[in-house]
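Chain residues, written in single-letter form:
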Amino acid sequence: MATYLYRLGRFSFRRRRLVAVLWMVLFVGFAAGAATLAGPPADAFSIPGTEAQKAIDMLEQRFPEASANGATARVVFAAPEGEQLTDPANRTAVESVVAGLRSAPEVASVADPFEAGTVSPDSRVAFAQVTYGVAALDLTADDKDALLATAEPGRDAGLTVEYGGNAVAQQGEQGAAEVIGILVAAIVLIVTFGSLIAAGLPLLTAIVGIGIGICGVTIVSGFVDISSSTPTLALMLGLAVAIDYALFIVFRYRHEYAALEGDGEEAAGRAVGTAGSAVVFAGLTVVVALAGMSVVGIPILTQIGLAAAGTVAVAVVIALTLLPAMLGFAGRKVFRRKQRKLPAAELAAQGEQHPTGQRWARWVTRRPVPILLLAVVGLGVVAIPSHDLRLGLPDDSTAATGTTQRASYDIISEGFGPGFNGPLTVVVDAAGAADRQGAAQRVADTVRGLPDVVAVNPPVFNAAGDTALLSVVPGEGPNAPSTEKLVGAIRDEAAGLREATGAAVTVTGQTAVDIDVSHRIQDALVPYLAVIVGLAFILLMLVFRSILIPLTATIGFLLSVAAATFGAVVAVFQWGWLGGVFGVDETGPIISLLPIFLIGVVFGLAMDYQIFLVSRMREEYVHGATPVDAVVTGYSRGAQVVTAAAVIMISVFFGFMMAPESLVRQVGFALAVSVVFDAFVVRTTIVPAAMALMGRAAWWLPKWLDKILPNVDVEGEKLRRNLAAPQPAGETAPAPSEGQDQLANR
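Here, residues in each chain are numbered from 1, in the same order as that chain's written sequence. Since the coordinates come from a predicted model, pLDDT governs what is reported: local features require at least 70, and pairs of side-chain atoms require 80 or more to be given and counted, while whole-chain, interface and lining totals use all residues. Note: side-chain values were computed over all heavy atoms of the structure, leaving out hydrogens and water.

Trainee: Help me get a handle on the packing of helix α10 (residues 229-259) against helix α22 (residues 594-622), residues and values and all.
Mentor: Axis definition: a line fit to C-alpha positions, over the contact stretch in the case of helices; interaxial angles, taken between N-to-C directions, run 0 to 180 degrees. Numbering goes from the N terminus for both helices and strands, where a helix is a DSSP run of H or I of at least four residues and a strand is a run of E of at least two. At a closest axis distance of 12 Å, the pairing of α10 and α22 adopts a crossing angle of 5°. When the axis of α10 is compared with that of α22, the two are roughly parallel. Between α10 and α22, the residues in contact are Leu233, Leu237, Val241, Asp244, Tyr245, Phe248 and Arg252 and Phe597, Val601, Leu605, Asp608, Tyr609, Phe612, Arg616 and Glu619, respectively. For this scheme, ten residues count as nonpolar: Ala, Val, Leu, Ile, Met, Phe, Trp, Tyr, Cys and Pro. Four count as charged, namely Asp, Glu, Lys and Arg, and the remainder, Gly too, count as polar. Of the residues belonging to the contact of α10 with α22, the class tally is 10 nonpolar, no polar and five charged. In this scheme, roughly parallel covers angles under 35 degrees and roughly antiparallel covers those over 145, while 65 to 115 is roughly perpendicular and the rest are oblique. Contacts: residue pairs with any heavy atoms within 4.5 Å of one another.

Trainee: Quick one: what's the story with the environment of Asp263, residue by residue and with numbers?
Mentor: Within the secondary structure, Asp263 is located in the loop between α10 and α11 (264-291). Per-residue accessibility, obtained with a 1.4 Å probe over protein chains only, is compared with the maximum for each type, and a residue is labelled buried under 20%, exposed over 50%, and partly exposed between these values. We classify Asp263 as buried; its relative accessible area is 17%. For the pair Asp263 and Val280, spaced 17 residues apart in sequence, the C-alpha to C-alpha distance is 24 Å.

Trainee: Give a description of the pattern of salt bridges that names residues and reports values.
Mentor: Note on definitions: salt bridges are taken to be side-chain nitrogens of Lys or Arg within 4 Å of carboxyl oxygens of Asp or Glu. On inspection of all chains with the given rule, the structure shows 15 salt bridges. Among the salt bridges present, the one from Arg406 reaches Asp410, with a minimum N-O distance of 3.0 Å. Here Arg406 pairs with Asp410, and both are found in helix α16 (residues 404-415), just four residues apart, close to one helical turn. Assessed through its relative accessible area of 14%, Arg406 is described here as buried. The exposure class assigned to Asp410 is partly exposed, which follows from its relative accessible area of 35%. Among the ionic pairs, Asp516 bridges to Arg491, the shortest N-O distance being 2.9 Å.

Trainee: Which residues make up helix α17 (residues 436-448), and what are the values?
Mentor: One full turn of an α-helix is made of 3.6 residues, so residues set three or four places apart face in the same direction. To estimate the expected span of a helix, subtract one from its residue number and multiply by 1.5 Å. With 13 residues, α17 ought to run about 18 Å at 1.5 Å a step, and its terminal C-alpha atoms sit 18 Å apart, in line with that. For α17, the complete set of buried residues consists of Ala439, Ala440, Val443, Ala444, Thr446 and Val447. Seen end-on, α17 carries its buried residues on one side only, within an arc spanning 165°. Taken together, the buried residues of α17 touch β6 (424-429), β7 (453-456), β8 (460-461), β9 (467-474), α18 (481-501) and β10 (504-508). In this description, one arc is meant: the one made by directions from the helix axis to the C-beta atoms.

Trainee: Just give me the short version of the side chain of Gln666, but keep the residues and values in it.
Mentor: With respect to the helices and strands, the residue Gln666 is situated in helix α24 (residues 662-694). Beyond its immediate sequence surroundings of up to four residues, Gln666 is in contact with Phe573, Pro589, Ile590, Ile591 and Leu594.

Trainee: How would you explain the environment of Val472 if you had to name every residue and give the values?
Mentor: Considering the arrangement of structural elements, one finds Val472 in strand β9. Classification of Val472 as buried rests on a relative accessible area of 0%. Counting along the chain gives 18 residues from Val472 to Val454, while the straight-line C-alpha distance between them is 7.7 Å. Residues in contact with Val472, not counting those within four places in the same chain, are Pro423, Leu424, Val426, Val447, Val453, Ala455 and Val456.

Trainee: Tell me about the pairing of strand β3 (residues 125-132), residues and numbers included.
Mentor: Across the eight residues of β3, seven count as buried, placing the element largely inside the fold. One requirement defines pairing of two strands: DSSP has to find at least two bridges between them. As defined by bridge partners, strand β1 (residues 72-78) adjoins β3 across seven bridges and the pair is classed as antiparallel. In the strand pairing of β3, Ala78 is matched with Val125.

Trainee: Explain the sheet that holds strand β4 (residues 160-164) to me, using residue names and the numbers behind them.
Mentor: Within the open sheet, the four strands sit side by side as β2-β3-β1-β4. Their pairing is antiparallel. With one partner strand each, in any of the chains shown, β2 (107-111) and β4 form the two edges of the open sheet. Within this sheet the neighbouring strands show an average axis-to-axis angle of 20°, counted without direction.

As structure tokens, then:
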């Protein structure tokens, strides 16, 4: 593979104008497609095969007037201190708001609080339930503005009027996070390379790559439903890996350029053939891990995984083609200003000097046992909170303080109890019951007698009289463990009720849907983790032709993601530790989608560092260095770029904690922390220490397995032998690149 990439790098460098024009045409074409073919975001959770989803599908057929899949809003009223909503003036104001709600666009029904009995015992708080005829994703900004405008008569009368529900959710504006990430990346790149040109190339290619990737996702949204979080997460990951992949290749190009005395085309070929090989395998692991999320069976997770995988794939191709073309335009300007006029020998010598990395590697390899124990114990301590991991989906209780959603949740909790914020919908399919009314009432009485049930509304039948709905109010909020147990208890009673009445009983509603999502994720977590760990082991065995190195890498991966990262996320977002530092106003369960997404992404990122760092060690080892010297030299040559890449990723991910969406904020924090653990504890501490302990055994591979495994030559050893071999008779060495003399003299 290294040979083919070597040729691709040389071609891109030599035909740089053609390559640059082709990528610009692609960029403009994708941008035009995104501007004309984009569709609206789709944030509805659909989980085929779950009980809650089956019930929703049945209600759409039998009970369309219930709008089971329609958007909902809850309008909450609170009277001033010392007054009641039943006072004539306040009641009139409430009724004016309700009248406005009924005439609002797309509204199917409104439950008047005085008629529905949703007035608190002290008459100070009430709420009106609003049901839309369309799903939340189909509501326009004007529809939402019209809903919020209905509060005016109530507020003019001195009442507090707040809104909750999925009909109120606003799409967050993106922009600040990307800008912060790019600015920090630019600073790190300038410090690393000491050249604005060298720093600008990774940024330029990253912008082109994520631009094409996100435009592609936007184009697809015109044909299939795409969550509003999907482009943001694809952008987050694409931006980080695109800069890192370009950083790896530019760093290697400078080394090869100096060693080859200014032969830019050959340097580009060798950089793409060596560092580019590591980029291909690292990118492949990210793509496979992200695309593998589709096996979980949750559409939104499939969308996020495929969109992010596509963006990463584009970043890899750009790093292998557009970047070497840009290097052809840059020439010696990729070096620091003082280095550009140095003789080639002196330039090459300076490029090999990395004293800080060398000192660290020697310190680690001299005392591997205590360092290993300290690092592993430290990760174990950070991982302790992960034992309390609770999964859920965001609701109004996790909305930021000061928002109308959070205010409505708090007012209802105070006036009625937290359970009124997440009522359950029990569906009674009485088509097979002899006494349909009696069957529905029997179900209501049974549910009413279960623990943690505050209220059960009378059954409401559809026009055909074969399906009834019960609204069940739990004792606690939607994300409370007791509410999850209540859903399970109702489902446990279903078999007995069917036998006694002939009616089928199912539980649905947003709360039940969220619970089913969490269960589906939990069930898929261990199998998915096993697949990822198995993939990591096989891939690294293929790359490094070793048994113990893949074992060390996968154990390190488990330490950094399955334990330490989850522990930090639980401590901050669930327990509230350092919440003020990270801008976490409200604690709650960890978003259900996070573990699967995090495992896939961190696996790919961890393999980035593992492949790039250890491939340099293997390169030294196959050239005759002792195992410890190979670790020290390989680490010292790769540490600078790995450190810079990690700092860039951490900055990009932390920047996304400014996003308004809970999912994006938790993902940004989790990925940033995982890179901290994986890059600075696992890859740069545990791995060198473990390899020093293993010695030559680190590179051992059974002979029978060595014969079976293909040699992918990630470190480019076969390529180097081919380049160093004398040319056969009748053949000549590769011709100098066009403009080579000019480049050398710049």
